Amino acid sequence: MAIYILEYCDTWHSMDEIAPFANRDKNYIRNKVLPKLAEKLEKERQNRLSKTAKEKS
């Protein structure tokens, strides 16, 4: 679901637009999908930063 929403959101979309696209209600997107997506993206960002730091060492 998160990848599906990321692909849709190559440009900014409101929660009102994302919900019908994902065939879910706004509360589900806000409370279930977006927190998991944010966590995943943060982990990926941290991994990239770690790799960059190791390469510079």
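In what follows, the structure referred to is the one given above.
Not measured: the values here are computed from a predicted model. (Residues numbered from 1 in each chain as written. Predicted model: local features only at pLDDT ≥ 70, side-chain atom pairs only at ≥ 80, totals over all residues. Heavy atoms only, no water.)

Student: How would you summarise the overall build of the protein chain if you had to cite specific residues and measurements?
Tutor: Broken down by element type, the protein chain carries three helices and zero strands. From first element to last, N terminus to C terminus, the protein chain shows the α and β order α-α-α. For the C-alpha atoms alone, the extent of the protein chain along its principal axes is close to 45 × 20 × 15 Å. For the protein chain, the proportion of its 57 residues judged to be buried stands at 16%. For the protein chain, the exposed surface amounts to about 4,700 Å²; the carbon and sulfur share of it is 53%. Here the protein chain carries 12 positive and 9 negative side-chain charges, and the mean point of each set is 7 Å from the other. (Helix = DSSP H or I, 4+ residues; strand = E, 2+ residues; numbered from the N terminus. Buried < 20%, exposed > 50% of the residue type's maximum accessible area, 1.4 Å probe, protein only. Areas by Shrake-Rupley, 256 points an atom, 1.4 Å probe, with all protein chains shown as cover. Lys, Arg positive; Asp, Glu negative; His and termini not counted. Charge placed at Lys NZ, Arg CZ, Asp CG, Glu CD.)

Student: Now, about the pattern of salt bridges: what can you tell me, with residues and values included?
Tutor: Within this structure, the stated rule accounts for three salt bridges. Glu39 is the partner of Lys43 in a salt bridge, and the nearest nitrogen-oxygen pair spans 3.4 Å. Of the two residues, Lys43 and Glu39 are both situated in helix H3 (residues 26-56); the distance of four residues between them amounts to about one turn of the helix. A relative accessible area of 47% places Glu39 in the partly exposed class. A salt bridge links Arg45 to Glu42; its shortest N-O distance comes to 2.9 Å. Taken together, the residues Arg45 and Glu42, both in helix H3 and three residues apart, mark about one turn of the helix. Taking the relative accessible area as the measure of exposure, Arg45 reaches 37% and is therefore partly exposed. (Salt bridge = Lys/Arg side-chain N within 4 Å of Asp/Glu carboxyl O.)

Student: Got a sec to walk through the nonpolar core? Specific residues and values, please.
Tutor: Core analysis: the largest hydrophobic core is formed by five residues, namely Ile5, Ile18, Ala22, Ile29 and Val33. Taken together, the elements giving at least two residues each to this core come down to helix H2 (15-22) and H3. Discounting residues that sit within four places of it in the chain, Val33 has contacts with Met1, Ala2, Ile5 and Tyr28. (Core = buried A, V, L, I, M, F, W, Y, C linked by side-chain atoms within 4.5 Å. Contact = heavy atoms within 4.5 Å.)

Student: Describe in detail the environment of Asn23, supporting the description with residues and values.
Tutor: When you line up the elements, Asn23 lands in the loop between H2 and H3. You can call Asn23 exposed: its relative accessible area is 64%. Separated by 29 residues in the primary sequence, Asn23 and Thr52 have C-alpha atoms spaced 38 Å apart.

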